[in-house]
Amino acid sequence: MSNKRDLSLNELIKVLGKKSDTKIRQSNQALLKDKKTTKLFKTIIPHHLNTINGLKENTEVLSQQMNFPTKNDIANVAKLVTQIEEKVDSLEESILQLLQTHHPSSESKKSNKSKKSKESKKKSKESDFRQTAVLPISSSLEESNEQHQKESAKRKKINSILNMTQFPSTIFETSEPARERTNDRD
Amino acid sequence: MKHQNPQEKERTIVIKKGINRHSIFHKKELKVGQTSRIAIWKKNKATVWYYPANSRSIRFPTPLFLIYSLVSKPYILDLSPETSMIQAFTNKGYDVYLLDFGIPGYEDKDMTLDDYITKYIQKGVQRSLLHSNSKDITVIGYCLGGTLATIYAALVDEPIKNLILFVAPIDFSKIPLPENWRNLLKTKQTSIEKLIDEYGIIPPSVIDQGIKLVTSPIPINPYLSLVQNIHDEAFVEKWQKFNHWARDHIPFVGGTVKQLLYDIALDNKLVKNKLMINGNRVNLKKITANLLVISANNDELVPEELSAPIMNLVSSKDKTYKLVNGGHASIAIKGYLPDFLNAWLEERS
């Protein structure tokens with residue numbers, strides 16, 4: 001009786017909360033350790049596997065009839081994209097290695113000998129150089145491709161204009177296909 | 001209910017206002033990961049983010065490469081300006097590179113540990129070394145990211161100067177797995193692997209429930225703590241962000257789940273030096289980098305017994321073990337570097 005003390009509502013809720021938390025954890029652990037739980041899972045796993053398998057097969061059959069793509073179809077397309085990205089990545093690596101051979105590591109060794117503040121300045125210069133020289137190709141590849149396309153379109157226009165002005169009689173010649181004609185002139 | 005004194009009455013009014021303000025009907029967007037960063041490399045869903053050093057006085061030449069877990073998003077390391085570990089590093093003068101594995105899709109279901117180590121971590125470190133123009137690097141792994149960092153460090157020839165492992169499970173012989181469950185996983189291995197293959201990727205909700213099963217199925221204390229501090233705007237915001245992260249898991253690819261479950265967790269191949277990655281044996285004796293291992297005394301997910309054994313398995317001459325107060329994610333949301341970590345890293349960078 002003498003050990004009792006008055007608790008405010010907040011303290012009471014706190015104590016009850018902690019006790020409940022501990023009780024729930026203990027009962028959860030006991031449930032997991034119980035052999036009946038593992039026996040139940042042993043019987044559930046094959047049934048669940050058969051259900052999932054059946055659903056998947058039925059979806060594949062339905063997709064052929066109803067003409068909609070399945071998860072596998074989309075995943076296969078995504079895998080192709082991933083493969084292309086890996087190839088681009090390996091190209092980028094080869095370019096980086098080439099750049100490294102042109103700018104060997106002896107420069108970086110010299111910069112490491114000076115004090116830290118000087119090191120950081122030199123390093124920032126070199127890293128700036130690397131960052132500007134070594135383009136993040138994966139992000140600028142689209143830009144460079146667009147530029148290249150624009151340039152090639154311009155060239156084609158110029159060539160066609162030149163062809164029209166210099167060799168007007170060739171317009172009416174149909175012995176060679178147009179593609180081969182432009183290739184010769186290029 | 002009659003209030004005892006004016007102070008308690010005032011407190012009740014403040015709590016009511018707090019509940020109204022932070023109720024589910026007033027959901028506000030939680031801003032996380034606010035530190036400025038640049039993407040220096042992208043592959044599939046993964047990105048290596050570069051956080052430049054923010055210190056005016058000093059800039060360490062050895063950058064840091066952070067690897068987070070495969071089941072949670074890494075923005076816990078940059079939850080808010082006050083709790084950001086990344087900002088803590090950059091303010092001290094370290095260039096930080098963070099490997100964000102992204103959110104895998106069904107098309108990634110066949111990815112294994114081999115892919116994560118060689119195609120993502122190794123490539124990410126190489127790109128970071130090139131970007132930073134540094135001769136060596138410090139690799140930091142958190143939780144499962146620490147396990148991956150250990151495998152990586154034991155396998156490759158990249159110049160890893162320092163290896164820091166935060167609450168990383170290494171020795172799985174001491175996981176609190178009941179014997180009946182161990183037998184179930186072993187005897188039904190074929191069925192379980194088929195089930196994982198059928199799913200392809202383990203949904204985030206299953207991971208969430210799995211973690212709750214191990215720690216706390218019905219979390220009561222966190223909500224009690226919130227109610228008691230409902231008047232504190234800063235506390236509530238921090239609570240909301242942390243709670244959001246704790247439930248914001250990412251899918252786990254089936255190929256990696258099978259490898260982690262059977263090779264690493266049940267057979268404990270990593271510690272026995274029997275783990276094979278891309279046909280190469282992972283030998284922990286190959287690790288010679290300066291090693292710092294940090295465990296938390298109240299970590300329910302990765303107890304100390306899972307992390308500490310690595311100290312006797314590596315060949316590093318300079319190795320330090322530290323046990324800190326806190327839970328699994330405590331150190332990631334401190335917002336500052338503990339003194340021991342600051343001193344250790346400064347001396348070796």
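For every chain, the first residue of its written sequence is number 1, and the numbers climb from 1 along that sequence. Both sets of labels track the order of writing: A upward for chains, 1 upward for ligands. Side-chain atom pairs in this predicted model are given and counted only at pLDDT of 80 or more, local residue features only at pLDDT of at least 70, and totals for whole chains, interfaces and linings cover all residues. Each side-chain value is worked out from all heavy atoms of the structure, with water and hydrogens disregarded.

A. Summary view of the packing of aromatic side chains. Stacked, edge-to-face and tilted are the three classes for Phe, Tyr and Trp ring pairs, Trp counted by its six-membered ring, which pair at centre distances within 6.5 Å; planes under 30 degrees apart are stacked, over 60 edge-to-face, the rest tilted. In this structure the tally under the stated criterion is eleven aromatic pairs over all chains. Ring centres of Phe41 of chain A and Trp181 of chain B lie 5.1 Å apart, and the angle between their planes is 65°; on these two criteria the pair is classed as edge-to-face. Placement of the pair is Phe41 of chain A in helix 2 (residues 35-66) and Trp181 of chain B in helix 5 (residues 179-187), with the two residues belonging to separate chains. Overall, the relative accessible area of 15% leaves Trp181 of chain B in the buried class. Aromatic pair Tyr142 of chain B and Phe166 of chain B: ring centres 4.7 Å apart, planes at 5°, arrangement stacked. Numbered from the N terminus, helices here are DSSP runs of H or I no shorter than four residues, and strands are runs of E no shorter than two. Relative accessibility thresholds used throughout: buried, under 20% of the residue-type maximum; exposed, over 50%; partly exposed, between the two (1.4 Å probe, protein chains only).

B. Structural detail: the packing of helix 5 of chain B against helix 10 (residues 254-266) of chain B. Residue and element names in this part refer to chain B. A fitted line through C-alpha atoms represents every axis, and for helices the fit uses only the stretch in contact; the resulting angles, taken between N-to-C directions, go from 0 to 180 degrees. Closest axis-to-axis distance for the helix 5/helix 10 pair is 12 Å, and the angle between their directions is 125°. Viewed along their axes, helix 5 and helix 10 adopt a mutual orientation that is oblique. Crossing geometry of helix 5 relative to helix 10 is assigned as left-handed. On helix 10, the residues touching Arg182, Leu185 and Lys186 of helix 5 are Leu261, Tyr262 and Leu266. Our angle categories are set so that under 35 degrees counts as roughly parallel, over 145 as roughly antiparallel, 65 to 115 as roughly perpendicular, and the remainder as oblique. If you view the pair so one helix is near and one far, a crossing is left-handed when the near helix is turned anticlockwise from the far one by less than a right angle, and right-handed when it is turned clockwise. Note on contacts: a residue pair qualifies if any of its non-hydrogen atoms lie within 4.5 Å across the two residues.

C. Region of interest: the environment of Asn325 of chain B. Residues and elements named next belong to chain B. As for its placement among the helices and strands, Asn325 is situated in the loop between strand 12 (319-324) and helix 12 (339-347). For Asn325, a relative accessible area of 64% corresponds to the exposed category. Expressed as a C-alpha distance, the spacing of Asn325 and Glu300, which sit 25 residues apart in the sequence, is 13 Å. One polar contact links Asn325 to Asn297, side chain to side chain, over a distance of 2.7 Å. What qualifies as a polar contact is a pair of N or O atoms within 3.5 Å, subject to a donor-acceptor requirement within protein and to the restriction that residues adjacent in sequence count only when both atoms come from side chains.

D. View of the interface of chain A and chain B. Taken together, the contact pairs 50 residues of chain A with 47 residues of chain B. Throughout, buried area stands for the accessible area (probe radius 1.4 Å) lost by two parts on being put together, summed over both. Interface area for chain A against chain B, summed over the two sides, is near 4500 Å², with a carbon-plus-sulfur share of 56%. A carboxyl oxygen of Asp or Glu within 4 Å of a side-chain nitrogen of Lys or Arg is what we treat as a salt bridge. At the boundary of chain A with chain B, the tally comes to seven salt bridges. Here Asp89 of chain A and Arg127 of chain B are joined by a salt bridge, their closest N and O atoms 3.2 Å apart. Run the count over chain A and chain B and you get 15 residue pairs in polar contact (both at pLDDT 80 or more). Mapped by element, the contributors of at least two residues to the side of chain A that touches chain B are helix 1 (9-33), helix 2, helix 3 (71-102), helix 4 (106-113) and helix 5 (116-133) of chain A. Of the residues forming the side of chain A that touches chain B, the biggest block, 14 residues, is contributed by helix 1 of chain A. When grouped by side-chain class, the residues that make up the side of chain A that touches chain B number twelve nonpolar, 17 polar and 21 charged. For this classification, Asp, Glu, Lys and Arg are treated as charged, while Ala, Val, Leu, Ile, Met, Phe, Trp, Tyr, Cys and Pro are nonpolar and the rest, including Gly, are polar.

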